[in-house]
Amino acid sequence: MMEVFARIISVAMVSVFVQNAIFDRALGANVVIYASRKDQHVIGFTLGITAMTTIASAVSYLFDSILLPLPLGWLFMPLVYVAVISVLYMLALLFFWRLFPKMFAKIRKYVHLAIINCTVIGALFLNSGYGSDIWSYIGYGFGTGIGFFLACFLLNIAHERLDSEKIPRVFRGYPIMLIYIGVISLAFSALVGYTAEF
C-alpha cells in the first residue's frame, strides 16, 4: 500500500513541477488567466479540473489498456478521450443538479470551462505516453490539477502587480500575463535542466 501511495505522489510531483500543464505545455493557459482574476474562481476551477483529470485519468487507463495494444488503436484515442470527458461532464452536471441545486445555480456558467479544456484532455494524452499503471495515471491526473492550482495561484498573486501604471498601456491585461507566464515557464524549465545540443 505504501508503494502505491509513493508511486501516486511521485508521479503527481513530476506532473506539478516538471511537466506542469500550464508552464511546460501551455495547455489551458487561457483558462488559467481567466480563473486567476478572482480568488473564488481559483478554488472552484482548481477543484473542477483536479476532480476531472483524476477521474478521467482512471477511466482512460481502462481504454488505453484495451485500445493501445491494437495495431491502429491509437487512432481512436482522441475520440475516446473526448467521449470520456463528455460523459463525466454530463454526470457531474447531473450530480450537482440533483443533489446540490443551489450550488449548481452558482457554478452552472463556469463548470464547462473548468471541465472541458485543454488541461484535461492534455493530461489524458500525456498519460497515455508516460503512464504505466493505473496508479501513475491517477497520480498524473491529480498532479495536473494541483499544477493548475499552482499556476492559478501564481497568476492571482501577480494580477494586482501587473495592473500597474508603470506597465505600458499596450502590454496591460492579457499581453503582460502571457509574458509573465513565459517568464515563469523559464523558471520551471530550470527544474528539468534542459540542455541544448549543437
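My aim in this report is to walk through the structure given alongside it, one point at a time.

Cut-offs used in this document
- Residues numbered from 1 in each chain as written.
- Predicted model: local features only at pLDDT ≥ 70, side-chain atom pairs only at ≥ 80, totals over all residues.
- Heavy atoms only, no water.
- Helix = DSSP H or I, 4+ residues; strand = E, 2+ residues; numbered from the N terminus.
- Rg over C-alpha atoms; globule rule 2.2 N^0.38 Å.
- Contact = heavy atoms within 4.5 Å.
- Areas by Shrake-Rupley, 256 points an atom, 1.4 Å probe, with all protein chains shown as cover.
- Lys, Arg positive; Asp, Glu negative; His and termini not counted.
- Charge placed at Lys NZ, Arg CZ, Asp CG, Glu CD.
- Core = buried A, V, L, I, M, F, W, Y, C linked by side-chain atoms within 4.5 Å.
- Buried < 20%, exposed > 50% of the residue type's maximum accessible area, 1.4 Å probe, protein only.
- Salt bridge = Lys/Arg side-chain N within 4 Å of Asp/Glu carboxyl O.
- Axes fitted to C-alpha atoms, helices over the stretch in contact; angles between N-to-C directions.
- Parallel < 35°, antiparallel > 145°, perpendicular 65-115°, else oblique.
- Left-handed = near helix turned anticlockwise from the far one by under 90°.
- Phe/Tyr/Trp six-rings, centres within 6.5 Å; stacked < 30°, edge-to-face > 60°.
- Lys NZ or Arg CZ within 6 Å of the ring centre and 35° of its normal.
- Polar contact = N/O pair within 3.5 Å; in protein donor to acceptor, adjacent residues only side chain to side chain.
- Nonpolar A, V, L, I, M, F, W, Y, C, P; charged D, E, K, R; others polar.

1. Some details on the overall build of the protein
For the protein, the helix and strand inventory stands at nine helices and zero strands. Since a compact globule built from 198 residues should have a radius of gyration of about 16 Å, the 18 Å found for the protein is in line with a globular shape. Projected onto its principal axes, the C-alpha coordinates of the protein cover approximately 55 × 55 × 35 Å. Long-range pairs, those at least 24 residues apart, make up 73% of the contacts in the protein between residues at least 6 apart in sequence. Of the roughly 11700 Å² that the protein leaves accessible, carbon and sulfur atoms contribute 72%. Positive and negative charge centroids in the protein, built from 13 and 9 side chains respectively, lie 16 Å apart.

2. Details of unusual backbone geometry
A positive phi angle is found at A26, which is not glycine, with a value near 60°. Within the secondary structure, A26 is located in the loop between α1 (2-18) and α2 (29-35).

3. Points about the nonpolar core
The biggest cluster of nonpolar side chains holds 24 residues, and the ones touching the most others in it are F23, V32 and F148. Put simply, the parts of the chain that give this core at least two residues each are α2, α3 (39-67), α8 (134-162) and α9 (174-192). Residue contributions to this core peak at seven residues, all from α8. Excluding residues within four positions of it along the chain, F23 makes contact with A151, L154, I181, I184, S185 and F188.

4. Re the pattern of salt bridges
Across all of its chains, the model carries three salt bridges by this definition. Residues E165 and R172 are paired through a salt bridge, measuring 3.4 Å at the closest nitrogen-oxygen approach. Among the residues examined, R172 registers a relative accessible area of 27% and is labelled partly exposed.

5. Some points on the packing of α3 against α8
Here α3 crosses α8 at 160°, and the two axes come no closer than 8 Å. Relative to α8, the element α3 is oriented roughly antiparallel. Judged by the twist between their axes, the crossing of α3 over α8 is right-handed.

6. A word on the packing of aromatic side chains
Throughout the structure, instances matching the rule amount to eight aromatic pairs. Aromatic pair Y81 and F125: ring centres 5.0 Å apart, planes at 85°, arrangement edge-to-face. A residue pair is termed long-range when its members are at least 10 positions apart, and Y81 in helix α4 (residues 77-99) and F125 in helix α7 (residues 118-130) qualify at 44 residues. The exposure class assigned to Y81 is buried, which follows from its relative accessible area of 0%. Taken together, F95, F96 and F100 form an aromatic cluster joined through their ring pairs. One residue, R98, lies across the ring of W97, its end atom 5.4 Å from the ring centre.

7. Things to note about the side chain of S57
Its place among the elements puts S57 in helix α3. Exposure remark for S57: the relative accessible area of 0% places this residue in the buried category. Polar side-chain contacts of S57 include one of 2.9 Å to the side chain of N127.

8. Re the environment of L178
Mapped onto the secondary structure, L178 falls in helix α9. A relative accessible area of 39% means that L178 is categorised as partly exposed. Measuring from C-alpha to C-alpha, the distance between L178 and I33 comes to 8.6 Å, with 145 residues separating the pair along the chain.

9. As for the packing of α7 against α8
Packed helices, taken two at a time, are described by the angle between their axes plus the distance between the axes. The N-to-C vectors of α7 and α8 enclose an angle of 145°; their axes lie 10 Å apart at closest approach. α7 and α8 meet at a crossing whose hand is right-handed. Touching T119, A123, L126, N127 and S128 of α7 are S136, Y137, Y140, G141, T144 and F148, all from α8. The residue inventory of the contact of α7 with α8, partitioned by class, reads five nonpolar, six polar and no charged.

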